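Here is how the chains run, residue by residue.
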Amino acid sequence: MKVLVPVKRVIDYNVKVRVKPDQTGVDLANVKMSMNPFDEISVEEAVRMKEAGTATEVVIVSIGPKQAQETIRTALAMGGDRGILINTDETVEPLAVAKILAKVVAEESPDLVLLGKQAIDDDSNQTGQMLAALLDWPQGTFAYKIEKDGDALTVTREVDGGLQTVKLATPAIVTVDLRLNEPRYASLPNIMKAKKKPIDEKAPGDYGVDISPRLSVVKVTEPPVREAGEKVEDVATLVSKLKSAGAI
Amino acid sequence: MAFDAEIRAALIEQVRRFVTEKCVPIEAQVGDEDEVPQAVVDEMKNLGLFGIAVPEEYGGLALDMETEALVAFELGQTSPAFRSVAGTNIGIGSQALVLFGTDAQKEKWLPGIASGDLIASFALTEPEAGSDAGSLTTKAIRDGDHYVLNGTKRYITNANKADLFTVMARTDVDTPGPKGVSAFVVERDTPGVSVGVPEKKMGQQGAHICDVIFEDARVPAENIIGKEGEGFKVAMSVLDKGRLHISAVATGVSKRLIREMVNYALERKQFGTAIMNHQMIQAMIADSQAETYAAECMIMDAARRRDAGEDVTLLASSTKLFATEACGRVADRAVQVFGGAGYVSDYGIERFYRDVRIFRLYEGTSQIQQIIIARELAKAAKAGRL
């Protein structure tokens, strides 16, 4: 089974995000970037499949600026076999990503595309689903457990109030949730070896995909600052304050 | 070999991530329980930390000294006990073999040292021979195909976990001083080798030191490292490199403590304002930063020169003297900036204060570094190189 794993370069999860003064987006200047944590989980799962003998090849793909190559290298250090960088400095919306990935799938013919359920920068949670729709492939989203079952995959999904198990014919799309696995630390020797693994470089134009935005961001703002509480002398004051605030 | 910048950045980033996510959260636990959890040790093995200074053909990373120092800066930013787990394999426990071992010796032991499956320890100090390393009394007497070792080694880091020791012992009992000393690899399971109980100590709980006792321990003659009588040269070469490594670890701790000081000083309010706004607090933090930066520059310069093939004995001792003494001052100021909170255990500052004290003692005390510096300068002057 050949597995394609798309990975996204995002603001590191430890960074405190700041909104740009003009409210057009968040400030990316001199901010630490790393692999979307959900994508780390999908890379880990693919590598485990390879180690278990169920996957034959793990191909890493990323769409983004030149530096997204570092994100691909990280995935190769974890155990991916080779990478594809689709280089663009433009903002790429989920639909455009899905369209490009559909073309990559047509070229690579994977049996499984394993994606993070969402990226932690815009939390869209759309790419996997859109890709499934474009390809007309079965999808199992928010995977908690993935098992190979002959030519099919049994995917246990995290849903509101419990777990749901679905069986998918391959080729299929699976998006992974937080509890699927705990991603490994790429070892230092593997980080060094990853440098020698091949990364193909392409551009969106190579796939004939129009990535121009379909959405426009109206405004980005900081969450409202939580105001300090107030101490009152006694219960009577508390009740009258709550009444005057219209809370009771 | 100069390291690829992208690879180096990725390596450093990974070590930083490991330290931040796996070590920092359990510092207090390791301090209280006097043990680094096996799960963390296993992660260090998987990460490849044990082998960073072992050549690639034996399964290591063969980092140059500059990159090793950068790794050590990161490893220093948590309790030094974590670094100590792999510290002897990276440094004093492995380097005699790396620098002077025969191919057969390297093939036998370096792969295990690189993977962390073998823990290597360095046994030089004795009850009556510490700074005066030339006055060793542990004997190694040739007997056929073996040397027979008798004596006691003291304060040997990781001895309780070690599978093999680099042991300095006197092969020529008629020659006093450094010339009669040779270096050996001694396997832990050699009959006649025993290890004492870990010492109770001031800091670095989780890292252990013990006596190692040799009673008619028969060591195969092929386990000698270098030639007979070269043991002191072997030990000093190993320590040259170790001193730069320790300097970088100490400076890593200094960096961590500066961060702790600044963050605390920005939060803590006295006299109606954050204490960061008080000039006497600023002075302590500023002095710490300036000294730490100076140490960092010294380490990087000495490391690059060592990588370029220069003799760095003078520079390594100068660096170790300055970096570890600076770290001691930074830790002292950190307690001062934290005030009462620096003295109680909850904030972890007093633990660092105790932990860093050893940096000024081991791999040559500050006074020994001063002696080496003066001796090297005199030597250079006499040779017309000063």
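Just so you know, these numbers come straight off a predicted model, no measurement behind them. (Residues numbered from 1 in each chain as written. Chains lettered and ligands numbered in written order. Predicted model: local features only at pLDDT ≥ 70, side-chain atom pairs only at ≥ 80, totals over all residues. Heavy atoms only, no water.)

Draft legend 1. Main features of the UniProt feature "domain: Acyl-CoA dehydrogenase/oxidase N-terminal" (unreviewed entry) in chain B. Mapped onto this numbering, the UniProt entry gives "domain: Acyl-CoA dehydrogenase/oxidase N-terminal" (unreviewed entry) at residues 10-117 of chain B. Helix makes up 67% of residues 10-117 of chain B and strand 0%, with an end-to-end C-alpha separation of 25 Å. (UniProt positions renumbered as here; feature names shortened; annotations may be inferred. Helix = DSSP H or I, 4+ residues; strand = E, 2+ residues; numbered from the N terminus.)

Draft legend 2. Layout of the sheet that holds strand S8 (residues 152-159) of chain A. Residue and element names in this part refer to chain A. The 9 strands are arranged S9-S8-S7-S10-S6-S1-S4-S5-S11 in an open sheet whose pairing can be described as mixed. What marks the edges here is a single partner per strand, and that holds for strand S9 (162-169) and strand S11 (199-202). Ignoring strand direction, the axes of neighbouring strands in this sheet form an average angle of 30 degrees. Strand direction decides the pairing type here: strand S1 (residues 2-6) and strand S4 (residues 57-64), joined by 5 bridges, are parallel. (Pairing = 2+ DSSP bridges. Axes fitted to C-alpha atoms, helices over the stretch in contact; angles between N-to-C directions.)

Draft legend 3. Up close: helix H3 (residues 38-47) of chain B. When we look at burial in H3(B), the residues that qualify are B:Val40, B:Val41, B:Met44 and B:Leu47. Down the axis of H3(B), the buried set is contained in an arc of 120 degrees. They therefore lie on one face. Those residues of H3(B) that are exposed and angled more than 90 degrees off the buried face are B:Ala39 and B:Asn46. The elements touched by buried residues of H3(B) are helix H5 (188-194) of chain A together with helix H1 (5-23) and helix H5 (80-90) of chain B. (Buried < 20%, exposed > 50% of the residue type's maximum accessible area, 1.4 Å probe, protein only. Arc of directions from axis to C-beta. Contact = heavy atoms within 4.5 Å.)

Draft legend 4. Layout of unusual backbone geometry. For the bond from A:Thr170 to A:Pro171, the omega torsion is 0 degrees, close enough to zero to count as cis. Position of A:Pro171 among the secondary structure elements: in the loop between S9 and strand S10 (172-176). Non-glycine residue B:Asn158 carries a positive phi angle of around 65 degrees. Within the secondary structure, B:Asn158 is located in the loop between strand S3 (146-157) and strand S4 (164-170). Look at B:Glu363: it is not a glycine, yet its phi comes out positive at around 50 degrees. Residue placement: B:Glu363 occurs in the loop between helix H12 (349-355) and helix H13 (366-382). Taking the relative accessible area as the measure of exposure, B:Glu363 reaches 16% and is therefore buried.

Draft legend 5. Representation of the pattern of salt bridges in the model. Residue and element names in this part refer to chain B. By the definition in use, this model includes 47 salt bridges over all chains. A salt bridge links Asp143 to Arg218; its shortest N-O distance comes to 2.8 Å. Residue Asp143 is located in strand S2 (residues 139-143), and its partner Arg218 is located in strand S7 (residues 209-220); the two are separated by 75 residues in the primary sequence. With a relative accessible area of 39%, Asp143 lands in the partly exposed category. Looking at Arg218, the relative accessible area reads 39%, which means it is partly exposed. A salt bridge links Arg360 to Glu325; its shortest N-O distance comes to 3.4 Å. Within this pair, whereas Arg360 is found in the loop between H12 and H13, its partner Glu325 is found in helix H10 (residues 313-338), the two being separated by 35 residues in sequence. (Salt bridge = Lys/Arg side-chain N within 4 Å of Asp/Glu carboxyl O.)

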